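# Fold and contact review
Given next are the chains, with one letter for each unit.
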Amino acid sequence: MNKPNSIKKSPRLGPLGAEPPLFDTAAMFQESLHRYAEEIMRPVGTALDRMAPDAVVAADSPYWEARRKFVELGFGVELLLSFEPAERAKMMSIFFEELGWGDAGLSISFGASMLPAYMCAALGRQDLLARYPESLIGCWGITEPDHGSDSLDPNRMIFHAEGKYGRPNCIAAIEGDEIVINGQKSAWVSNGTIADVCVLYCAAATASGPDHRNGFVVIVPMDARGVSRGKPLDKLGQRALNQGEVFFDDVRLSLDHVLAGPDTFQEAVYIIHTAANGLMGAVFTGVGRAAFEMALEYAHERKQGGVPIIRHQSVAQRLFHMFRKVEASRALVNRVLHYNFGTEPALHAGMAAKITGTQTSFEVASDALQIFGGNGLTREYPIEKLLRDARASLIEDGCNEILSIKGGYYLADPDRL
Ligand SMILES: Cc1cc2nc3c(=O)[nH]c(=O)nc-3n(C[C@H](O)[C@H](O)[C@H](O)COP(=O)(O)OP(=O)(O)OC[C@H]3O[C@@H](n4cnc5c(N)ncnc54)[C@H](O)[C@@H]3O)c2cc1C
């Protein structure tokens, strides 16, 4: 077929779009992660998406092989922290974008798994890191059945003026040389039913009742006596991600398991939330990129009116905006990670990355589905899964609404109010 006069050959962008050449280590890193994402995560994530939640984590599930191969890659907290801050930020953006490109649910499973080790490292607790190494499956338990958004707001910036917090669902108390934990965390704990170790954020018992604003952060080995779990959660998107309740019945641990106490609890929420929001921004930039790439490919293959649909102006324009949004999301996430690794981390910068990455993935996946037409709605094609995965991200790690309200308050200068 003759080439249409109106379409000229343009420079081809690389997998990371208009990204200047990467330094050697980063280029190698990107290549091997991309290979893993393409060869292992995509097919395994697609298979797990169709399986029942119990089967996703059954002994014969492909999840375990994907996890084993991920651990073998050797990319984790220790490696990331070994880079100087600018390199670390670049590596982290690439790392989580490539994982997100592969599969959102598996990315969050692997990312959440790193959080206990990350917090031990961030708070200088090499002793705990040695005892609970990052090869173990980790989880972050913070939200509770009665306290979702509330849990991410211990400094009460967005708490309703007429609100009453009510009783926390999980409370820890110091008794002699032990920390004693009772209660439960929500069914949303990522890796909740499979984790080996949990970084638990919970209220502290005080003489005047439980204090949820100044609580405890505790490293809990999940085989400790008194820990039990709920059933794997069944949900719309990120179905490869195991989630479930964790229960604590008089769980007793030596005091060296306490990572933060009441005086540093809010700071510890700030540190983990800033890291997790940055990670989410990168993962969902990857999900948006995957949706864009699939739509671009399809728009060259599918013909209507005798031409590939990309020749129709509205399709080309839609694709351009999808491309533009993914580029903008990547640029912001990169910038925020550089800022947050290079100086005093800013949670509202992390929130901007999380909201932009997740909103981008949702809009781009929805546009991709439109480009696929009726095919996009079917389970024969991969787009409906990306849309479901992206939809969940608007809620996870703090609903985007509450993050933006809180982020807006962080912009205000208290000295001028
Ligand atoms: C895929 C996924 C993974 C997750 N992983 C984890 C995990 O690893 N560990 C963990 O502990 N939790 C995890 N969560 C829980 C997640 O952090 C919570 O779902 C989230 O914080 C929202 O809480 P909620 O679902 O209870 O909603 P709610 O807090 O009940 O909110 C319901 C609605 O009310 C709105 N709302 C609530 N409060 C306010 C307010 N103050 N101002 C304005 N609007 C408000 C919200 O925006 C939302 O639209 C995960 C969730 C998902 C979906």
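This structure is a prediction, so every number in the text was calculated from the model and none was measured. (Residues numbered from 1 in each chain as written. Predicted model: local features only at pLDDT ≥ 70, side-chain atom pairs only at ≥ 80, totals over all residues. Heavy atoms only, no water.)

## Focus: the domain arrangement of the protein
Quick note on the threshold: Residue ranges for the domains trace back to a domain assignment, done automatically or taken from a database. Buried area is a sum: the accessible area each of two parts loses on coming together, probed at 1.4 Å, counted once for each and added. The working definition used for a salt bridge is a side-chain nitrogen of Lys or Arg within 4 Å of a carboxyl oxygen of Asp or Glu.
Domain annotation of the protein identifies domain 1 (24-131), domain 2 (138-264) and domain 3 (267-416). The C-alpha-based centres of domain 1 and domain 3 are spaced at 19 Å. Regarding the contact of domain 1 and domain 3, the summed buried area is about 2,500 Å², with carbon and sulfur atoms giving 66% of it. The interface formed by domain 1 and domain 3 includes five salt bridges. Ionic pairing is found between Arg388 and Asp49, a salt bridge with its closest N-O pair at 2.8 Å.

## Focus: the site of the ligand
Let me state the cut-off plainly: Throughout this document, a residue counts as near a molecule or strand when at least one of its heavy atoms sits within 4 Å of that molecule or strand. For this analysis, a polar contact is any N or O atom pair within 3.5 Å, provided that within protein one partner can donate a hydrogen and the other can accept it, and provided that sequence-adjacent residues contribute only side-chain to side-chain pairs. Here a strand is any run of E in DSSP of at least two residues, a helix any run of H or I of at least four, and the numbering for each starts at the N terminus.
Trp140, Thr143, Ser149, Ser190 and Gln243 are the nearest of the 21 residues found near the ligand. Contact distances for the ligand include 2.9 Å between an oxygen atom and a backbone N or O atom of Ile142. One of the backbone N or O atoms of Thr143 is found 2.8 Å from an oxygen atom in the ligand. Those elements giving two or more residues to the shell around the ligand turn out to be strand 1 (138-141) and helix 14 (400-411).

## Re the UniProt feature "domain: Acyl-CoA dehydrogenase/oxidase C-terminal" (unreviewed entry) in the protein
Selection criterion: UniProt positions are given in the numbering used here, feature names are shortened, and annotations may be inferred rather than shown by experiment.
Per the UniProt record, the feature "domain: Acyl-CoA dehydrogenase/oxidase C-terminal" (unreviewed entry) sits at residues 280-403. Across residues 280-403 one finds 78% helix and 3% strand; the C-alpha atoms that close the span lie 13 Å apart.

## Overview of the packing of aromatic side chains
In plain terms, the rule: Here a Phe, Tyr or Trp ring, Trp counted by its six-membered ring, pairs with any other such ring whose centre lies within 6.5 Å, and the pair is stacked when the planes are under 30 degrees apart, edge-to-face when over 60, and tilted otherwise. Throughout, exposure labels follow a simple rule: accessible area from a 1.4 Å probe, protein chains only, divided by the maximum for the residue type, with under 20% read as buried, over 50% as exposed, and the rest as partly exposed. Both a distance and an angle decide whether a charge sits over a ring: NZ of Lys or CZ of Arg must be within 6 Å of the ring centre and within 35 degrees of the ring normal.
Enumeration according to the criterion identifies 18 aromatic pairs in this entry. Geometrically, the ring pair formed by Tyr63 and Trp64 is edge-to-face, given 5.0 Å between the ring centres and 90° between the ring planes. Residue Trp64 is classed as partly exposed on the basis of its relative accessible area of 28%. Taking 5.9 Å as the distance between ring centres and 50° as the angle between the ring planes, the aromatic pair formed by Phe320 and Phe323 counts as tilted. One end of the pair, Phe320, and the other, Phe323, are both in helix 10 (residues 313-342), three residues apart, so they sit about a helical turn from each other. Phe320 gets classed as partly exposed once you look at its relative accessible area, which sits at 47%. Against the face of Trp101 rests Arg42, its NZ or CZ located 3.7 Å from the ring centre. In this arrangement the basic side chain of Arg156 is found over the ring face of Phe159, its NZ or CZ atom lying 4.2 Å from the centre.

## Considerations on the nonpolar core
Let me state the cut-off plainly: Within this scheme, the nonpolar core is defined by two criteria: the residues are buried Ala, Val, Leu, Ile, Met, Phe, Trp, Tyr or Cys, and they are joined through side-chain atoms within 4.5 Å. By definition in these notes, contact holds between two residues if any of their heavy atoms fall within 4.5 Å.
One finds Ile181, Val199 and Tyr201 to be the most contacted residues of the largest nonpolar core, which totals 116 residues. At 19 residues, helix 9 (residues 265-301) tops the list of elements feeding residues into this core. Excluding its chain neighbours within four sequence positions, the residues that come into contact with Tyr201 are Met119, Trp140, Gly141, Ile142, Lys185, Phe216, Val217, Phe265, Ala268, Val269 and Ile272.

## What to know about the pairing of strand 1
Quick note on the threshold: By this definition, two strands are paired if DSSP reports at least two bridges between them.
Because side chains alternate across strand 1, one face comprises the buried residues Gly138 and Trp140, and the other comprises Cys139 and Gly141, equally buried. As defined by bridge partners, strand 1 adjoins strand 4 (residues 197-204) across four bridges and the pair is classed as parallel. If you follow Cys139 over to strand 4, its bridge partner there is Cys198.

## Brief notes about the pattern of salt bridges
In total, this model carries 25 salt bridges according to the counting rule given. Put simply, Glu65 and Arg68 hold a salt bridge, and the shortest N to O gap is 2.8 Å. Of the two residues, Glu65 and Arg68 are both situated in helix 3 (residues 62-73); the distance of three residues between them amounts to about one turn of the helix. Given the relative accessible area of 36%, Glu65 is considered partly exposed. Two residues, Arg289 and Glu97, come together in a salt bridge whose shortest N-O distance is 2.9 Å. With Arg289 in helix 9 and Glu97 in helix 5 (residues 85-102), the pair connects residues that are 192 residues apart, well separated along the chain. Taken individually, Arg289 and Glu97 each receive the classification buried, so the pair is uniform in this respect. Counted as one network, the salt bridges with shared partners bring together Glu97, Glu98, Arg289, Glu293, Glu327 and Arg330.

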